[in-house]
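# Report on the structure
Chain residues, written in single-letter form:
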Amino acid sequence: MVSIGEATGPDVLSLDDVRALGLAGPTAVRPALDPHSTATIMYTSGTTGNPKGCQISHANWRAMLDAIEEIGSLGPGSVVYVYLPLAHMFTRMVQIVALELGATMAYSGGDIRRVIDELAAVRPTHLPSVPRLFEKVYAVVTTAVGATADPGPDLRQAVRAAFGGRVEQALTGAAPIAPEILEFFAACGVPIYEAYGMTEATAVITANRPGAVKFGTVGQPVTGVEVRITADGEVCSRSAGTFTGYWSNPEATAELVIDGWLHTGDLGALDEDGYLRITGRKKDIIITAAGKNLTPANLETELRRSRWISHAVMCGDRRPHPVVLITLDAEELLPWAAERGLGEDLAALSRLPAVHDLVRAALDEANARYAPPERIRDFAVLPNDFSIDAGELTPTLKIKRAVITARYADVVDGLY
């Protein structure tokens, strides 16, 4: 037992006792510890099927902690604001790094509508999160003052203030984010570094970092990690961070790890400088009736840049052309509707032609970046947003595509 105050018995440790044991090294705590034994079992988010238990060893943790500490700037005096749930691998990693290096942790209350207020209260120096948080702040700021590639001092100050005024490093991962958003924040003095990884790799495979950034990529492999691309475009990694296998599921483990290489299921390419660009998920590729291969994540990311759109899910496998399911951002839409006397019922608003005009404008803007066969032809606005509780989103707000397409199959059919 660990006591916040003084130790009160022979089986109780104080925080100072725990700190001393940590500084003495792992053998002081448990001399017989096998570095390759299981330290924890982390369950995957289950975006493409049932969650699986990833066995992470002590050696896995140590290898990737060292890699992350090398590229970060955490230390005493740093304040880390954590929006992601502790069920997420990278959040666990950040927490351990912060504790190891003496930083302060501040935990979100879990309501994305309160994020701006919480950032103002906490004033973090480090902000690891997912694209949705940065997209929300981007929407708030650009709606108020407009987006520009060359912000002046007032805009830079306003943007930094939206993050609490002290952010030194922010990190985004788990899903794609539009490069324009990263460029905007960088120009405003809030560097957001895009990284890439998965639970089975103990959180991190590649990362952009200070002095080594390419927008539109997820960075270069971190120390100790190798990355290669297979003939069919799949990203594979190999490192001491590769997990020891799925709990009680050797068949799934054998399918994922082949000759030491972890097959991520993501499609990507390495450029001449070793920066990795993720182009989609193998299982998410849409093949139209005309045989055109489409990557949903790209257009979905473009659509989420709109202040009116919360989520977008592209459909169209074996269909003549792609369509998309849209959910509305209530925080942005309800005030807009109230100003026009349109009411505050999101389901009712989702049926209004005026709201559809907003979505159509966002879709036209996104489509303009793509060739005609890739463009989304039609859309449906759903009466409610996706949620974790409904099983449509993972704890890190990634869409569960299979759940959503099955649940709204009739809506998709209606678009054809």
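A brief report on the enclosed structure follows. (Residues numbered from 1 in each chain as written. Predicted model: local features only at pLDDT ≥ 70, side-chain atom pairs only at ≥ 80, totals over all residues. Heavy atoms only, no water.)

This paragraph deals with the environment of Glu272. Within the secondary structure layout, Glu272 lies in the loop between β16 (261-270) and β17 (276-281). For Glu272, a relative accessible area of 71% corresponds to the exposed category. With 30 residues separating them along the chain, Glu272 and Glu302 place their C-alpha atoms 26 Å apart. (Helix = DSSP H or I, 4+ residues; strand = E, 2+ residues; numbered from the N terminus. Buried < 20%, exposed > 50% of the residue type's maximum accessible area, 1.4 Å probe, protein only.)

Within the open sheet, the three strands sit side by side as β20-β21-β22. Their pairing is mixed. Edge positions in the sheet fall to β20 (309-315) and β22 (378-381), since each has one partner strand and no second. If you compare each strand with its neighbour and ignore which way they point, the axes differ by 25° on average. Bridge count between β20 and strand β21 (residues 323-328): six bridges; the pairing is antiparallel. Within β21, the position partnered with Cys315 by the bridge is Val323. The strands touched by helix α13 (residues 353-367) are β20, β21 and β22; relative to β22, the strand with the most contacts, the crossing angle is about 135°. (Pairing = 2+ DSSP bridges. Axes fitted to C-alpha atoms, helices over the stretch in contact; angles between N-to-C directions. Contact = heavy atoms within 4.5 Å.)

Read across the sheet, three strands follow the order β3-β4-β14 without closing on themselves; strand pairing throughout is antiparallel. Only two strands of the sheet have a single neighbouring strand rather than two, namely β3 (38-43) and β14 (245-246). Bridge count for strand β4 (residues 53-57) against β14 is two bridges, and the pairing is antiparallel. Following the sheet pairing, Cys54 is matched in β14 by Tyr246.

What follows covers unusual backbone geometry. Located in the positive-phi region is Ala203, a residue other than glycine, with phi close to 90°. Mapped onto the secondary structure, Ala203 falls in the loop between β9 (192-196) and β10 (206-207). Take Ala203: its relative accessible area is 11%, and that puts it in the buried class. Phi is positive for Asp259, which is not a glycine, with a value near 55°. Summarising the element assignment, Asp259 is placed in the loop between β15 (257-258) and β16. Residue Asp259 is classed as exposed on the basis of its relative accessible area, which comes to 70%.

Summed over all chains, the structure comprises two cavities of 30 Å³ or more. The space that makes up the largest cavity amounts to roughly 350 Å³. Ile68, Gly72, Phe90, Gln169 and Leu171 are the residues nearest the centre of the largest cavity, which is lined by 25 residues in total. When residues of the lining of the largest cavity are assigned to their parent elements, the largest contribution, five residues, is made by helix α4 (residues 89-101). Residue composition of the lining of the largest cavity, by class: 18 nonpolar, five polar and two charged. The calculated volume of the second largest cavity comes to roughly 50 Å³. Along the walls of the second largest cavity sit Arg132, Glu135, Lys136, Tyr138, Ala139, Arg304, Arg305, Ser306, Arg307, Ile309 and Asp329, which together make up its complete lining. (1 Å grid on protein atoms, 1.4 Å probe; cavity = no way out; pocket = protein on both sides within 12 Å on 5 of 7 lines; lining within 4 Å. Points joined across faces, edges and corners; volume = space filled by probe spheres on them. Nonpolar A, V, L, I, M, F, W, Y, C, P; charged D, E, K, R; others polar.)

A few words now on the side chain of Arg209. Along the chain, the position of Arg209 falls in the loop between β10 and β11 (220-221). The side chain of Arg209 is buried and forms no salt bridge, while Glu70, the nearest opposite charge, is found at 5.3 Å. Engagement of the side chain of Arg209 in a polar contact is seen with the backbone oxygen of Gln220, the distance being 2.9 Å. A polar contact is formed between the side chain of Arg209 and the backbone oxygen of Pro221, at a distance of 3.4 Å. If sequence neighbours within four positions are ignored, Arg209 has contacts with Ile71, Tyr193, Gln220, Pro221 and Val222. (Lys, Arg positive; Asp, Glu negative; His and termini not counted. Salt bridge = Lys/Arg side-chain N within 4 Å of Asp/Glu carboxyl O. Polar contact = N/O pair within 3.5 Å; in protein donor to acceptor, adjacent residues only side chain to side chain.)

Direction vectors running N to C along helix α6 (residues 131-145) and helix α8 (residues 179-187) enclose 65°, while the axes themselves pass 11 Å from each other. In the crossing of α6 with α8, the sense of the turn from one axis to the other is left-handed. Of α8, the residues touching α6 (which contributes Phe134, Glu135, Val137, Tyr138, Val141 and Thr142) are Ile181, Phe184 and Phe185. Grouping the amino acids of the contact of α6 with α8 by side-chain chemistry returns seven nonpolar, one polar and one charged. (Left-handed = near helix turned anticlockwise from the far one by under 90°.)

Residues Val2, Ile4, Leu13, Leu15, Val18 and Leu21 make up a contiguous nonpolar surface patch of roughly 500 Å² in combined accessible area. In terms of residue count, the dominant contributor to the nonpolar patch is helix α1 (residues 15-24) (three residues). Note that Val18 resides in helix α1. Classification of Val18 as partly exposed rests on a relative accessible area of 35%. (Patch = residues over 30% accessible without salt bridge, like charges linked within 9 Å, V, L, I, M, F, W, Y side chains within 5 Å. Areas by Shrake-Rupley, 256 points an atom, 1.4 Å probe, with all protein chains shown as cover.)

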